[in-house]
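Residues per chain, in single letters:
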4 protein chains.
Amino acid sequence: MPQTSLMMTLQFSSSGTPVKIQAKHFLIPGLGRYDHKYSLKLPSKFPKASIFNSHQIPNPILHQPPVNQSVAAIVFGDGSESRLYPLTKRRSEGAIPIASNYRLIDAVVSNCINSNINKIYALTQFNSTSLNSHLSRAYSGAGLGKEGFVEVIAAYQSPEDQGWFQGTADAIRRCLWVLEEYPVAEFLVLPGHHLYKMDYQKVIESHRNRKSDITIVASNGITKRDQDPGVGVLKINTENQVMQYSLKSNKEPVNSAVAETLTRCSDSRYSYIPSMGIYLINRATMVNLLNNHFPKAMDFGTEVIRGALSLGMKVEAYLFEGYWEDMRSIEAFYQANMECIKKLNTGYNFCDRDSPVYTIPRHLPPTIVNDAMITDSVIGDGCILSRCKIKSTVVGMRTKIRDGAIIEDSVIMGSDVYQIEDGRESSVKSTSVPIGIGENTEIRKAIVDKNARIGKNVKIINKDNVEEGDREANGYIISGRIMVVLRSAEIPDNSIL
Amino acid sequence: MPQTSLMMTLQFSSSGTPVKIQAKHFLIPGLGRYDHKYSLKLPSKFPKASIFNSHQIPNPILHQPPVNQSVAAIVFGDGSESRLYPLTKRRSEGAIPIASNYRLIDAVVSNCINSNINKIYALTQFNSTSLNSHLSRAYSGAGLGKEGFVEVIAAYQSPEDQGWFQGTADAIRRCLWVLEEYPVAEFLVLPGHHLYKMDYQKVIESHRNRKSDITIVASNGITKRDQDPGVGVLKINTENQVMQYSLKSNKEPVNSAVAETLTRCSDSRYSYIPSMGIYLINRATMVNLLNNHFPKAMDFGTEVIRGALSLGMKVEAYLFEGYWEDMRSIEAFYQANMECIKKLNTGYNFCDRDSPVYTIPRHLPPTIVNDAMITDSVIGDGCILSRCKIKSTVVGMRTKIRDGAIIEDSVIMGSDVYQIEDGRESSVKSTSVPIGIGENTEIRKAIVDKNARIGKNVKIINKDNVEEGDREANGYIISGRIMVVLRSAEIPDNSIL
Amino acid sequence: MPQTSLMMTLQFSSSGTPVKIQAKHFLIPGLGRYDHKYSLKLPSKFPKASIFNSHQIPNPILHQPPVNQSVAAIVFGDGSESRLYPLTKRRSEGAIPIASNYRLIDAVVSNCINSNINKIYALTQFNSTSLNSHLSRAYSGAGLGKEGFVEVIAAYQSPEDQGWFQGTADAIRRCLWVLEEYPVAEFLVLPGHHLYKMDYQKVIESHRNRKSDITIVASNGITKRDQDPGVGVLKINTENQVMQYSLKSNKEPVNSAVAETLTRCSDSRYSYIPSMGIYLINRATMVNLLNNHFPKAMDFGTEVIRGALSLGMKVEAYLFEGYWEDMRSIEAFYQANMECIKKLNTGYNFCDRDSPVYTIPRHLPPTIVNDAMITDSVIGDGCILSRCKIKSTVVGMRTKIRDGAIIEDSVIMGSDVYQIEDGRESSVKSTSVPIGIGENTEIRKAIVDKNARIGKNVKIINKDNVEEGDREANGYIISGRIMVVLRSAEIPDNSIL
Amino acid sequence: MPQTSLMMTLQFSSSGTPVKIQAKHFLIPGLGRYDHKYSLKLPSKFPKASIFNSHQIPNPILHQPPVNQSVAAIVFGDGSESRLYPLTKRRSEGAIPIASNYRLIDAVVSNCINSNINKIYALTQFNSTSLNSHLSRAYSGAGLGKEGFVEVIAAYQSPEDQGWFQGTADAIRRCLWVLEEYPVAEFLVLPGHHLYKMDYQKVIESHRNRKSDITIVASNGITKRDQDPGVGVLKINTENQVMQYSLKSNKEPVNSAVAETLTRCSDSRYSYIPSMGIYLINRATMVNLLNNHFPKAMDFGTEVIRGALSLGMKVEAYLFEGYWEDMRSIEAFYQANMECIKKLNTGYNFCDRDSPVYTIPRHLPPTIVNDAMITDSVIGDGCILSRCKIKSTVVGMRTKIRDGAIIEDSVIMGSDVYQIEDGRESSVKSTSVPIGIGENTEIRKAIVDKNARIGKNVKIINKDNVEEGDREANGYIISGRIMVVLRSAEIPDNSIL
């Protein structure tokens, strides 16, 4: 019976001591103006008992505002940091291809969709063209349900403001007039290029149950992230209340953080946990912080969150246990690709039927294989694989691999178009290397960006075992011993790199 | 087992002190194989108490399967009864235009969408072409969210079965192999041409809470419906359990039903309430009833429901208080149109922002008005209104009303296309009356079906005050003193009807 | 006459010297009521010579009605013949999967789209559910341009007619009221399950230039088809005028046809060429033939075309040279799949960038390969291939092939869903064989229909070398020595077939 | 030369008499690399005469590249000029609502669609949010056919370039890497906020026939535009060749231009005609001009076009006779709205069935009218009109006009949302004026921007007959005696403006 459930629920959230339920307990916190809508409505004309739907009384606990009407997501599609350069040379982080068929931002947008959040604003300004195009083709019009949308808000000039967005806080502030179009209760702020699966509905539930002003999601899983410069670290008490927000900008504090982290499983009063950059904030709080309290703040984490703490606002942490990758380096990106190959249950799962990953729907032809030995790899749609060996490799859409090629431990991003090899384009670039991987070419531990043209008898093997190297003029760089061939680069026949 | 999971949850939330909980309280009925999915999953690595999200424990009551994954709707798009003839001459009931911009079936499909039911099967066979086309254009591809669809299942021939659907039960039985594509928990069976607003989620909640086999929605609002021949009447006890299902097929039993109905507010043990033809049925129960118990049953209400009662199944009524119109006659259809004009809060509300009514999205030009006096009317998109008077009238899309016309108390369904009046088509039908309402024509208490061509100086006023009349050869019939001009009919200049 | 118009153009475009133009020269044949629209419009105010766009005068030859506004295609999505049984047990021919990612009907619809025909009616009645669903998901809403559509017209009951379509002619006749919605100039009648690439615009051009009443497309390529019982054969003269239409319904006439065919390269006056069942017919001619001349005709070819010939109408043949497969048998279907593997330029080309084949857009994960040797095969989207050998095989979407499996010379149609193997469904069918191909199973020269469950250590090798065999109760049949495993069939572990 | 080819065709189609054909005749000009594709392909195996489709030889003239594959449009969605301020305060010119249901940019995009151009890039940077949102919702996914798109390219930062677009030429140059994605033959450069109907196919035909490098469309209709400062004026000779491009930036040259214009109907050798800012340019020419010849040019007209002339390129004018409005002032915008009301055949026709205007498809409820006298007005979708008088007014979507209101000679842009008046929002702004037009309010010769809140008993009548006035703090400005109420402005009860 729902009444009993309710009682139990109450007991959950308090502390286990028996509770007498009084009418006021039905109050749903944090809803303000929506109370009228979602609170318990008794029928105006109370029907006679004999025909009353006694079991149909709406359960008050369900009358929180439904997520798909009351939360809007703000996704940062890009950043100006160049930690994934050269993959970001012509695109933003969110638009980097991953796992053959996807772009990084698909993970976050899919999280939203699978969490019933269908009002999604993507704020972009840095190399945003391919990201905007991807979002528009993948999510416009369909799939987000009536009233749902992914709306790209590109940085723009206006009579009032001629400049670019000056940081995450500035970007949100300048877009507030758009973001306020729908009367949502909370905003969910999300980085657009992280890889993880999260049911944001649980964050929202926790936020509402605890009546927080701000909830920050923190990674309680693998702790390596808090050693990373640039990661915000939360100091939380045993109630998961955030006491302090600090940015690990150099080695020294990190080590102390690590030390403290290592001790957090003992009975210490505080823990230090890396923030995932995910913020759930009440709408009024957001407006108040950005416009009234900190109208000059540019960065959200270091300025607005710290400011909120200094104002004594209720800032809570939500602890997330699962896989999380913030793509802080080329190596991390490479590893994330490798992990999606190895097993279905480590790393990020692109094949989960219960929380599918969405992207542009396509109608490519099937992959054509002439004679290939393929081991521990994933193969995107519409590839053409000739007599070749592929091992531990992510092969992207429309990749063409020619006879005798050997690819190992690599990420091949594929091609945007099918190149016709009937001589049609020969007049233009008759001597040029065609898109794809040439005959008898060998590639090991490399990332080959889209539309690259790798010639015949090429070896991309980091022959000099270089750790870091900038050979951009030659079409590639080396980062953490990983060879990265640039987008549309041409590697001539017989090159040995 | 779900019970155990639930018990564990309690123990978490009460801080570890053992709690005695009895299994029966937590049993979630009817889920079978899905239990595993929605039950509490323990994290593999149990976190320490100090950093445990104590307030994040999922609320057990939410672990019912979400409606949008666990319920599929089966909508009957048409029927072979001719109670709305001649509006059904070339279309099924569900495809009849209503309120300028809509079709009848939009009301039911919109109820589904607004209730988060996004798996919708529409079963059709009778004059189904325009209905299929409407559903395909209005609901395909977009708006129902990822995984959602409105799928039209037209009656078809197969090697096993050459015949048409032989009734509602037969139709469902023959489509079961399609309907079982998704592992839903319940089917919601709906007539496609009724007009009402209902949150089906409440029906589902009641059904699950009461662990019913079948829940029938019954109209507890306006009681006139149970006087109507053809309506099923439920005998229910004070617990809303259905004791008997009877069909009012002639006057006599109705009167006794009325008599009983009138006494139901007294302390009688039973009530008699008209069924709305809406059934929520557990998936396994449906399969069992149709294939095993009653493999020859053709009609759902009189055969399957009665059969379920005779088998002692748990059949419950859900009482619905609101506006409900089952479109049992031309007059009822006419009144429903009139009611949507009069006030915003009587009749069916097409303008409700919280439960919008969906239909084909269009990009028609605005309505052009030359010089019109318009009173208590609704005007569809893309009309062209010349010097005319319109009162208490529903004017459909692309209606053209010419100089001097007077329209009162009428339903003008409009036109499918703009007719060009530049002489282009004059070679074909140079002498024909153009689509729309001609100069100085007067129309009172009439329904003018789509694409009708009403000439100049016509009077459609039921001049002889006929109650019922079949003048189909002349392009109209009279039903309940309402003049009904047929689709594409041509009424010559100077006619007085 | 078009020639004359053309001449005028030449004169315009040459040098501006005065030209005598006679009004009759502007006549565009075969357009009837549309003349006004596409004929040469002179600007009402003729501009002065000095600023006259002398070179901008519209070229009369271009003022034929554009194809995308003036031709509607009528596609027969299914037939009641069972030549592809058991692939047609639960679906119509047009819905049979082919080449991993497609359905047969995609070929014809893509031909239409690539020929700028965007008004497409698909007439269905036989096992039509999956075809209707496919068409709705693949082509509704998007891609056909504003004003374009693929509209499914399922057989339906009406007050006037209670029966099913009685043949191709009957089907068109009963749908004429829908087909006439748009004022097209010609109808293009198409079988929905043939495999070929044709630019219908050339057929239309020929039809209009020759002012034909009916143009029939005939296969002038591979002549084996005219040996096939059931194929209509055209007798044409040297002007490609059709003299006679005969149906090869038994062996004897075929042989004589063959004989005649063999002699057609000599200087005979007539040729005999197989009809492809593709008819381009003027709209008025269609209406006239079906309603006035042959109101009882049921079949289009044998009754209406022959009737038109007997009436002396102008019936012409358009000769088509390319690949054409009419899917007359399981073996033909099997061969068509094999041909799409072998080379890119024999058989039907699914990868042609200039005439792409459309289908349902999907966002499946990439194919995951553990350790596979793949030779001369095509691999659909979202497969999971373990340690296996695949040779000369079409592997359909979401196919799961387990360790040790060997597949050769086969067509695996794949699965509609990912089956979760985490034990979730074990309670239901704990002992059942999972979807896909089991461990150490061997399959040779077989067609495995969708969702089949092939156990471990199974051999599907036609061990007794049977030519034809009906083992439907055991989940398969044998046709032309090809093993055909039925849709959703279960082949137990260790079976040897 | 095409003429020669054409002649050939004639000979083919006449009677089969032998024709001398010389190879050079097949040359198709201006196609470069595409020659192979669109040139006449003779069948490899030349069939025997007796069964040769003699009439089916493809007409060489048709083998120009089809427009929908060979031309891409570049639309400038916005500008930083403030001639339409305050309508551009929060949106770019292209996003200004017009004619109730549309945005300005819909006119140009619809021209493209109706001209079979389906590759459309919209370059935006100034107040672009609402424009981007409109384009994405109106044109994404559907309607442009397979391969078609409207792609928004917002100004962005990149490692190479941190700044905004510095002008039209700079914008195109910086986007060339995107614009070159498809191998089009020509680019069509278009201002996004002009109102006119043009079949761009005729411009393309003229451009190709004349083998121009650049074709500029010039308005040969109403000449008032060339008196306007800021309009480019072309000096052309009697062959329509452009001799000079000048910008009318002050009064003096305009007068002389007018003087010259007035004399152009006499037998002068040159004419002066205003450019419409529409340029058709060969792809290679575009790249060459922007990157090689004028890599610093910012403006397209004054720098690139003049530069092309100085280089001796072939620059031609295409003369356009029809209605054209470049929206150079508030008054011009106001007049354009008024003209779309008055008659169907003056001004811009939004209701043309042959060249429809597209926009966001919507499913709004019909307009509800309580008691209104409406004269010479257009009424958008979903309005609620109480007892009011409306004359010579454009009433936008979802406009609410309350009892006693009188609106004349005005443009009411309507509302983005339905405001609920059930007290729900009263807690927020209990004393605020609701969206729409209040009771007994009178509005004459005004533009009321979206979401404005006009109180009761207000008079917006320009009571002091002001010519120009900036009262932005009070929610309105006056421009050319036209009252312009700002977006979301609130005009309190009893105000008299």
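Predicted model only: the values in this text are computed from it and were never measured. (Residues numbered from 1 in each chain as written. Chains lettered and ligands numbered in written order. Predicted model: local features only at pLDDT ≥ 70, side-chain atom pairs only at ≥ 80, totals over all residues. Heavy atoms only, no water.)

**Re the packing of aromatic side chains**
Taken as a whole, this structure holds 30 aromatic pairs over all chains when the rule is applied. Following the ring pairs from residue to residue traces out a cluster consisting of Tyr102(A), Tyr348(A) and Phe350(A). The positively charged end of Arg90(A) is found above the aromatic ring belonging to Trp177(D), 4.5 Å away from the centroid. One residue, Lys235(D), lies across the ring of Tyr270(D), its end atom 4.7 Å from the ring centre. (Phe/Tyr/Trp six-rings, centres within 6.5 Å; stacked < 30°, edge-to-face > 60°. Lys NZ or Arg CZ within 6 Å of the ring centre and 35° of its normal.)

**Examining the relation of the copies chain B and chain D**
Superposing chain B onto chain D takes a rotation of 180 degrees plus a shift of 0.0 Å along the axis, which leaves an RMSD of 0.0 Å. Such a turn and shift between the copies fits a two-fold axis. Interface overlap between copies is the fraction of interface residues in one copy that are interface residues in the other; for chain B against chain D it reaches 100%, indicating a shared surface. (Least-squares fit on C-alpha atoms with pLDDT ≥ 70 in both. Contact = heavy atoms within 4.5 Å.)

**Quick look at the side chain of Ser495(C)**
Residue and element names in this part refer to chain C. Mapped onto the elements, Ser495 comes out in the segment after β29 (490-491). At a separation of 2.6 Å, a polar atom in the side chain of Ser495 contacts the main-chain carbonyl oxygen of Pro492. Once you skip the residues sitting within four places of it in the chain, Ser495 turns out to touch Asn457, Val458 and Lys459. (Helix = DSSP H or I, 4+ residues; strand = E, 2+ residues; numbered from the N terminus. Polar contact = N/O pair within 3.5 Å; in protein donor to acceptor, adjacent residues only side chain to side chain.)

**Concerning the pattern of salt bridges**
Residues and elements named next belong to chain A. A complete count under the given rule lists 72 salt bridges over all chains for this structure. Note that Glu316 and Arg210 form a salt bridge whose closest N and O atoms lie 2.2 Å from each other. Here Arg210 lies in the loop between α7 (200-209) and β8 (214-219) and Glu316 lies in strand β12 (residues 315-320), a separation of 106 residues in the sequence. This pair shows no difference in class: Glu316 is buried, exactly as Arg210 is. The partner of Glu442 in a salt bridge is Arg444, and the shortest N-O contact between them spans 2.7 Å. We classify Arg444 as partly exposed; its relative accessible area is 30%. In the salt-bridge network here, residues are joined through shared partners; they are Glu408, Glu442, Arg444 and Lys459. (Salt bridge = Lys/Arg side-chain N within 4 Å of Asp/Glu carboxyl O. Buried < 20%, exposed > 50% of the residue type's maximum accessible area, 1.4 Å probe, protein only.)

**Re the interface of chain B and chain D**
Facing 39 residues of chain B, the contacting portion of chain D comprises 39 residues. Taking both partners together, chain B and chain D bury about 3200 Å²; carbon and sulfur atoms supply 53% of that area. Its largest share of buried area at the contact with chain D, chain B owes to Arg353(B), His363(B) and Pro366(B), together 19% of the area lost on that side. Broken down by element, the residue count for the side of chain B that touches chain D peaks at 13 residues, all from strand β14 (residues 367-379) of chain B. For the side of chain B that touches chain D, the residue count by class is 22 nonpolar, nine polar and eight charged. The pairing of β14(B) with strand β14 (residues 367-379) of chain D spans 11 bridges and is antiparallel. (Buried area = accessible area lost by both parts, 1.4 Å probe. Nonpolar A, V, L, I, M, F, W, Y, C, P; charged D, E, K, R; others polar. Pairing = 2+ DSSP bridges.)

**A word on the pairing of strand β28 (residues 482-485) of chain A**
Regular strands show a simple pattern: their side chains alternate between the two faces of the sheet. Residue and element names in this part refer to chain A. Side chains of β28 alternate between two faces, with Ile482 and Val484 and Met483 and Val485 buried alike. With four bridges joining them, strand β27 (residues 476-479) and β28 adopt antiparallel strand pairing. Following the sheet pairing, Ile477 is matched in β28 by Val484. In this antiparallel pair of consecutive strands, β27 and β28, the connection spans two residues, and Gly480 shows a positive phi of 60 degrees.

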